[in-house]
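# Structural characterization, general
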Amino acid sequence: MADAVAPRWTRAAAPNGTGFIRAGSGAPVLFIHGVGMNATIWQPQIERMVDRFDLIAIDMLGHGRSPLPPQEPELADYAAQAIRLLDHLGLDKVSVVGHSMGALVAQELALLAPERIRRVVSLNAVFRRPPDLAQAVLERAAALTGHGDAAGVAQTIARWFGDPVPAELTAAAGTAAAALSEVDPEGYARTYRLFARADGDHAERLQTLAMPALFITGSEDKNSSPAMSAAMARLAPHGRCTVLAGQRHMMAVAAPDLTSRCIAEFLNEGESLEQGAAADASFDSGEFRRALGSFLTGVTIVTTIGAEGEPRGFTANSFTSVSLDPPLVLVCIAHKALGHPVFATSKSFAINILNETQKAASGIFASKAADKFASVDWRPGKTGSPVLDGSVATFDCDMERLVEAGDHSILIGRVRDFQHNTSQPLGYCRGAYITPGLSQEALAAAQPGTDVGAILENGGRILFLETPDGFLELPRGRGLGSASDGKSLNGLLAAKAIEAQLGFLFAVWDDAGNPSRTHVYYRGTFDVPASSDRGIRLIDIDAIDGLKIADPAIRSMLTRYVRECTEDAFGVYVGNEVEGEVRPLARTAALNTGDQG
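First, a word on what this report is: a plain description of the structure on this page. These figures come from a predicted structure and were not determined experimentally.

The rules behind these values
- Residues numbered from 1 in each chain as written.
- Predicted model: local features only at pLDDT ≥ 70, side-chain atom pairs only at ≥ 80, totals over all residues.
- Heavy atoms only, no water.
- Helix = DSSP H or I, 4+ residues; strand = E, 2+ residues; numbered from the N terminus.
- Buried < 20%, exposed > 50% of the residue type's maximum accessible area, 1.4 Å probe, protein only.
- Contact = heavy atoms within 4.5 Å.
- Areas by Shrake-Rupley, 256 points an atom, 1.4 Å probe, with all protein chains shown as cover.
- Phe/Tyr/Trp six-rings, centres within 6.5 Å; stacked < 30°, edge-to-face > 60°.
- Lys NZ or Arg CZ within 6 Å of the ring centre and 35° of its normal.
- Pairing = 2+ DSSP bridges.
- Axes fitted to C-alpha atoms, helices over the stretch in contact; angles between N-to-C directions.
- Core = buried A, V, L, I, M, F, W, Y, C linked by side-chain atoms within 4.5 Å.
- Salt bridge = Lys/Arg side-chain N within 4 Å of Asp/Glu carboxyl O.
- Parallel < 35°, antiparallel > 145°, perpendicular 65-115°, else oblique.
- Left-handed = near helix turned anticlockwise from the far one by under 90°.
- Nonpolar A, V, L, I, M, F, W, Y, C, P; charged D, E, K, R; others polar.
- Expected span 1.5 Å × (residues − 1).
- Arc of directions from axis to C-beta.
- Lys, Arg positive; Asp, Glu negative; His and termini not counted.
- Polar contact = N/O pair within 3.5 Å; in protein donor to acceptor, adjacent residues only side chain to side chain.

Take the overall build of the protein chain next. Within the protein chain one finds 17 helices and 29 strands. Here the protein chain holds 597 residues, and the buried ones make up 48% of them. A fraction of 70% describes how many contacts in the protein chain between residues 6 or more apart in sequence connect residues 24 or more apart. When the accessible area of the protein chain is evaluated, it comes to approximately 27,700 Å², of which 53% is carbon and sulfur surface.

In structure tokens form, the structure reads like this:
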């Protein structure tokens, strides 16, 4: 493996015998491998990054073509080797990427010569091993003799990739095994003994790490755990932790696309303002906004009095409590909002939480309407800020602090006065107003003879009950009922030990064969049953089509459910088994965090 160099690579040695590979052009990046590997283990990263960076992969002391380290080496010996290579290549400043033992060397290099390092990436780094893990590593180090050990190679591969190695990782495991088989046994032993005892060497020094640092590991790496990377990122002043789901210790070769992308994105940050803007462009702000919209919030109108004594206000759902003592709340307003200069310089403001009948007011205050207050009744609060009649709650505040954050300002208010009542609040989620009270009232109003059922979801799976003749059906009962009523929906769920949470109404229809009978179905969630009831079936949403379901109305309803899950836009079906209409849960509304003001 050590000589398997691609045509665009340059394999060379420095005057002191340090072996290295160089490829590409651009900002220089030094790669440092882990114990038992050599420079060519970075082949996947070099292939993916060669067009954007000047890549240098070093053979660590005692590995590849480099000379042996001292008999009892320290991390500083390996860092000094890297500095001599940079001097030989005429590179004043580089970013450095290290894996495992190489990550410790990369950190040592950044701590010893911060003026030479732009950014540092630590892949699968160890840090303050727990006692049992530390003991196991020390025992492995003590057993090394400086002679080849085929059994040891097999054990290492099993630790890194799994035992047995998954089929999709066979090639990556073979690459690592080849490197382990070729390493100088004495160089390996001296380096591994240092690796076994150096996991705490930077515990008191990481807080002095001067440059941006990224600590990456895999969620399944037990020896270089996510907790270790998080702890290092917490100590480093400019540290950041990233955990790659499902990955283990050798993720650089097992998942090269993902790992290389994480490295390259981090290295690209800050190269220049232009490059920084390009990196930000890859962030999908539309998807980010939709993800934020998944959080179910209330709706507020924030008010104040302008410099000319005129009332001003904007709609916002970015409201939260901050503190009980002192009583603090906050709300956000966009810099581009027309009212931003007024609110940013105001001494006070009021937050009015809207009730479910105030959707029209919310829309007006989210617009650029000239006289927003003409549509609402209001009175001056204790601070003079307008308090809207009919609000579920109001908080009249002095401005405690104004905080600038990204493209918004955060208004932190100290509550001077507040009021609240028991009316139903107006909700907002995924671009639409919602009225939680309607579903609660519908549940309470369902007659005992009504067929009440639920589509219950957990992690993309729907809960079905299997009938004696092999058909599947959704949980349902005669009315909502209670846990003690075995014929009701709640009684059925209790009997099956199913912990369910019913949410919004999904479908209502009259039975075509019996007009006096109504079917009501809700969306909801459930906790996976702890019981071994074989009648419970959990089916992936994508596998619902084609299930053996006797009732055509239920089949049709489930087809709509699958479609609306995909579109992330739910409605309520109203009609009968033959015909009806799907009414949107609520009309889409362009609510924002004070974008209009």
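Here the narrative resumes, following the displayed structure.
Evaluated as defined, the whole model comprises 10 aromatic pairs. When the centroid spacing of 5.0 Å and the interplanar angle of 85 degrees are considered together, the rings of Phe365 and Phe373 count as edge-to-face. Residue Phe365 shares its accessibility class with Phe373, and that shared class is buried. Every member of this aromatic cluster is reached through a ring pair, and the members are Tyr188, Tyr192 and Phe195. The side chain of Arg119 reaches across the aromatic face of Phe266, ending 4.8 Å from its centre. Over the face of the ring belonging to Phe195 we find Arg129, whose NZ or CZ atom lies 4.7 Å from the ring centre.

A few words on the sheet that holds strand S11 (residues 311–316). Spatial ordering of the open sheet is given by S11-S10-S14-S17-S18-S13-S12, a layout of 7 strands whose pairing is antiparallel. Strands at the two margins of the open sheet, each flanked by one partner only, are S11 and strand S12 (319–323). Shown here is a sheet whose adjacent strand axes are inclined to one another by a mean of 35 degrees, direction ignored. Here 6 bridges tie strand S14 (residues 348–353) to strand S17 (residues 393–405), and the two strands are oriented antiparallel to one another. Within S17, the residue paired with Ile351 across the bridge is Phe395.

For the rest of this paragraph, the subject is the nonpolar core. Core analysis: the biggest nonpolar cluster contains 92 residues, and Leu30, Trp42, Met101, Val121, Leu123, Phe161 and Leu209 have the highest contact counts within it. Here the element with the most residues in this core is helix H3 (residues 101–112); it accounts for 8 residues. Setting aside residues up to four positions removed in sequence, Leu209 forms contacts with Gln107, Ala110, Leu111, Val120, Ala236, Pro237 and His238. By size, the runner-up hydrophobic cluster in this structure holds 19 residues, among which are Ile462, Leu472, Trp509 and Ala553.

This part covers the pattern of salt bridges. What the rule picks out here adds up to 19 salt bridges. For the salt bridge of Glu269 with Arg240, the shortest nitrogen-to-oxygen distance reads 2.9 Å. Remark: Arg240 occurs in strand S8 (residues 239–244) and Glu269 occurs in the loop between helix H10 (256–268) and helix H11 (273–281); sequence separation between them is 29 residues. Residue class for Glu269 comes out partly exposed when judged on its relative accessible area of 25%. Accessibility expressed as a relative area gives 37% for Arg240, which makes it partly exposed. Put simply, Arg560 and Glu564 hold a salt bridge, and the shortest N to O gap is 3.0 Å. On the criterion of helical spacing, the pair formed by Arg560 and Glu564 is a turn pair, its members being 4 residues apart in helix H17 (residues 552–567). Residues Arg560 and Glu564 agree in their burial class; the two are buried.

The next point concerns the packing of helix H4 (residues 131–143) against helix H7 (residues 185–197). In contact at an axis separation of 9 Å, H4 and H7 are set at 160 degrees when each is read in the N-to-C sense. For the element pair H4 / H7, the angle class is roughly antiparallel. Relative to H7, the crossing made by H4 is left-handed. Counted together, Val137, Leu138, Arg140 and Ala141 of H4 and Tyr192, Arg193 and Ala196 of H7 form the full contact between these two elements. Across the contact of H4 with H7, the residue classes tally to 5 nonpolar, no polar and 2 charged.

Okay, the pairing of strand S4 (residues 53–58) next. Most of S4 is tucked away, with 6 of its 6 residues classed as buried. A two-sided burial pattern is seen for S4, the buried positions comprising Phe53, Leu55 and Ala57 on one face and Asp54, Ile56 and Ile58 on the other. In the sheet, strand S2 (residues 19–23) pairs with S4 via 4 bridges, with the strands oriented antiparallel. Its bridge partner lying in S4, Phe20 is registered against Ile58.

Counted at 1.5 Å a residue, the expected span for helix H6 (residues 170–182) with its 13 residues is 18 Å, and the 18 Å between its end C-alpha atoms agrees. Among the residues making up H6, those that are buried are Ala172, Ala173, Ala176, Ala179 and Leu180. For H6, the buried positions fall inside an angular range of 125 degrees around the axis, keeping them on one side. Facing away from the buried side of H6 by over 90 degrees, the exposed positions are Ala171 and Ser181.

On to the sheet that holds strand S19 (residues 427–429). Within the open sheet, the 3 strands sit side by side as S9-S19-S20. Their pairing is antiparallel. Two strands lie at the open edges of the sheet, namely strand S9 (297–298) and strand S20 (432–434), each paired on one side alone. Bridge analysis of S19 against S20 gives 3 bridges, and the strand direction is antiparallel. Opposite Tyr428, over in S20, you have Tyr433 as the bridge partner.

Looking now at the side chain of Lys372. Considering the arrangement of structural elements, one finds Lys372 in the loop between helix H14 (359–365) and strand S15 (378–380). Within the buried core, Lys372 has no salt-bridge partner, and the shortest N-O distance to an opposite charge, that of Asp371, equals 9.8 Å. A polar atom in the side chain of Lys372 sits 3.2 Å from the backbone oxygen of Ser367.

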